[in-house]
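# Close look at the chain arrangement
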Amino acid sequence: MEAKILVIDDDRKITAMLRRCLVFEGFEVQTAAGGEEGLRLAAAWKPDLVVLDVLMPGTDGWEVCRRLRAGSSLPILMLTAKDEVADRVKGLDLGADDYLVKPFALEELLARIRALLRRSRQADTAMRPLVYADLTLDHATREVRRGGRPIQLTAREFELLALFMEHPRQVLTRDQIMDRVWGIDYGGESNVLEVYVGMLRQKLEEGGEKRIIHTVRGVGYVLKE
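The structure displayed is predicted, hence computed values, not measured ones. (Residues numbered from 1 in each chain as written. Predicted model: local features only at pLDDT ≥ 70, side-chain atom pairs only at ≥ 80, totals over all residues. Heavy atoms only, no water.)

### Description of the pattern of salt bridges
To keep it simple, the criterion reads: The working definition used for a salt bridge is a side-chain nitrogen of Lys or Arg within 4 Å of a carboxyl oxygen of Asp or Glu. Under the DSSP-based scheme used, a helix requires at least four consecutive residues in state H or I and a strand at least two consecutive residues in state E, with every element numbered from the N terminus. Exposed residues in this analysis have more than 50% of their type's maximum accessible area, buried residues have under 20%, and partly exposed residues fall in between, with area computed by a 1.4 Å probe over protein chains only.
Applying the stated criterion across every chain, the model contains 16 salt bridges. R114 is paired through a salt bridge with E25; the nearest N and O atoms lie 2.6 Å apart. Of this pair, R114 sits in helix α5 (residues 106–125) while E25 sits in the loop between α1 (12–24) and β2 (28–32), and the two are 89 residues apart along the sequence. Here R114 falls in the buried class, since its relative accessible area comes to 17%. The class for E25 is partly exposed, based on a relative accessible area of 26%.

Encoded structure:
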């Protein structure tokens, strides 16, 4: 399942635009037109990330950020029309994870959201092994095993397998994988993903095991039995 994103902003044009953009990118989205409504939705819906405007009537973004951060590591990306250092510092001191000044490019917003989600997922999975079928991946020890057989992976192979194991049975497009494993600005060999998938398959299957990473022609790859 893709990440759940809560957008809290009293400007309905911005929330409508962000909803369309984020849904198109595959995210599940809810919006709130004010701070109190946003806090209620956050408590009930349990989003994976919050996009939060600062200047709102009533309960403003500063207060929403402070209350969301209390006892929670929920990623918060703050939006503001101000580009003053004092405002950025205040938001970060209250617990915001990142800051974006309006007007902003949607491509930058998406890149920041994905970066925050990556960090959040890495922190969430760092202390618990990922398990799918007979395959186990431990972020803490960097160990991978299949049916008890240890598998030695390079750093990039490990990141690629971890992405698949974080999204079992979900088809990941080529662009999604390249963005999350190699980065949005990667400009190297165009067939690098195919090469790495091939090397990863070879290591996962060298004990005679069945294929677990499958090609979805014209789309990408999926981890499934």
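Now that the structure is up, let's keep going.
### Examining the sheet that holds strand β12 (residues 220–223)
The line we're drawing: Two strands qualify as a pair provided that DSSP identifies no fewer than 2 bridges between them. Contacts between residues were defined by any pair of non-hydrogen atoms, one from each residue, lying within 4.5 Å. An axis is simply a line fitted to the C-alpha atoms; with a helix, the fit covers only the stretch in contact. Between two such axes, the angle follows the N-to-C directions and lies from 0 to 180 degrees.
Spatially, 3 strands are ordered β10-β12-β11 in an open sheet, and the strand pairing comes out antiparallel. In this open sheet, the two strands that pair with only one neighbour each are β10 (172–173) and β11 (213–216). Each of β11 and β12 touches helix α8 (residues 192–205); the most contacted strand, β11, lies at about 145 degrees to it.

### Overview of the domain arrangement of the chain
Applicable threshold: For every domain, the bounds stem from an assignment made automatically or drawn from a database.
Entries for the chain in the domain assignment read domain 1 (4–124) and domain 2 (127–223). Put simply, the middle of domain 1 and the middle of domain 2, counted by C-alpha atoms, are 30 Å apart.

### Re the environment of D179
Counting through the fold element by element, D179 comes out in helix α7 (residues 174–182). Look at D179 and you get buried, because its relative accessible area is 12%. Separated by 65 residues in the primary sequence, D179 and R114 have C-alpha atoms spaced 8.8 Å apart.

### Concerning the environment of D97
Put simply, the test is: In protein, a polar contact means a hydrogen-donor-capable atom and an acceptor-capable atom, both N or O and within 3.5 Å, with residues adjacent in sequence counting only if both atoms are side-chain atoms; elsewhere, any N or O pair within 3.5 Å suffices.
By the secondary structure assignment, D97 is in the loop between α4 (85–93) and β5 (98–101). D97 sits in the partly exposed class, given a relative accessible area of 34%. Apart from residues no more than four positions distant in its own chain, D97 is found in contact with R69, L74, P75, I76, L92, L116 and R119. For D97, the side chain forms a polar contact with the side chain of R69, separated by 3.0 Å. From its side chain, D97 meets the backbone nitrogen of I76 in a polar contact 2.8 Å long.

### Brief notes about empty space enclosed by the protein
Formally: A 1.4 Å probe that fits but cannot get out identifies a cavity on a 1 Å grid over protein atoms alone, an open set with protein on both sides within 12 Å along at least five of seven lines counts as a pocket, and a residue lines either if it has an atom within 4 Å of a point. Grid points are joined across faces, edges and corners, and a volume is the space filled by probe spheres set on the points.
Considering all chains together, one arrives at 1 cavity of 30 Å³ or more under this definition. The calculated volume of the largest cavity comes to roughly 40 Å³. Taken together, F27, R114, L117, R118, R121 and R180 make up the full set of residues lining the largest cavity. Of all the elements, α5 adds the most residues to the lining of the largest cavity, at 4 residues.

### Examining the sheet that holds strand β3 (residues 49–53)
Reading across from one edge, β2-β1-β3-β4-β5 is the order of the 5 strands in this open sheet, with parallel pairing throughout. What marks the edges here is a single partner per strand, and that holds for β2 and β5. Pairwise comparison of adjacent strand axes, ignoring direction, gives a mean angle of 20 degrees for this sheet. With 5 bridges connecting them, strand β1 (residues 4–8) and β2 associate as parallel partners. Note that in β2 the partner of V7 across the bridge is T31. Lying on the sheet, α1 is in contact with β1, β2, β3 and β4 (76–80); it crosses β2 at an angle near 170 degrees. Relative to the sheet, helix α2 (residues 35–45) contacts β1 and β2, its axis offset from that of β2 by approximately 145 degrees.

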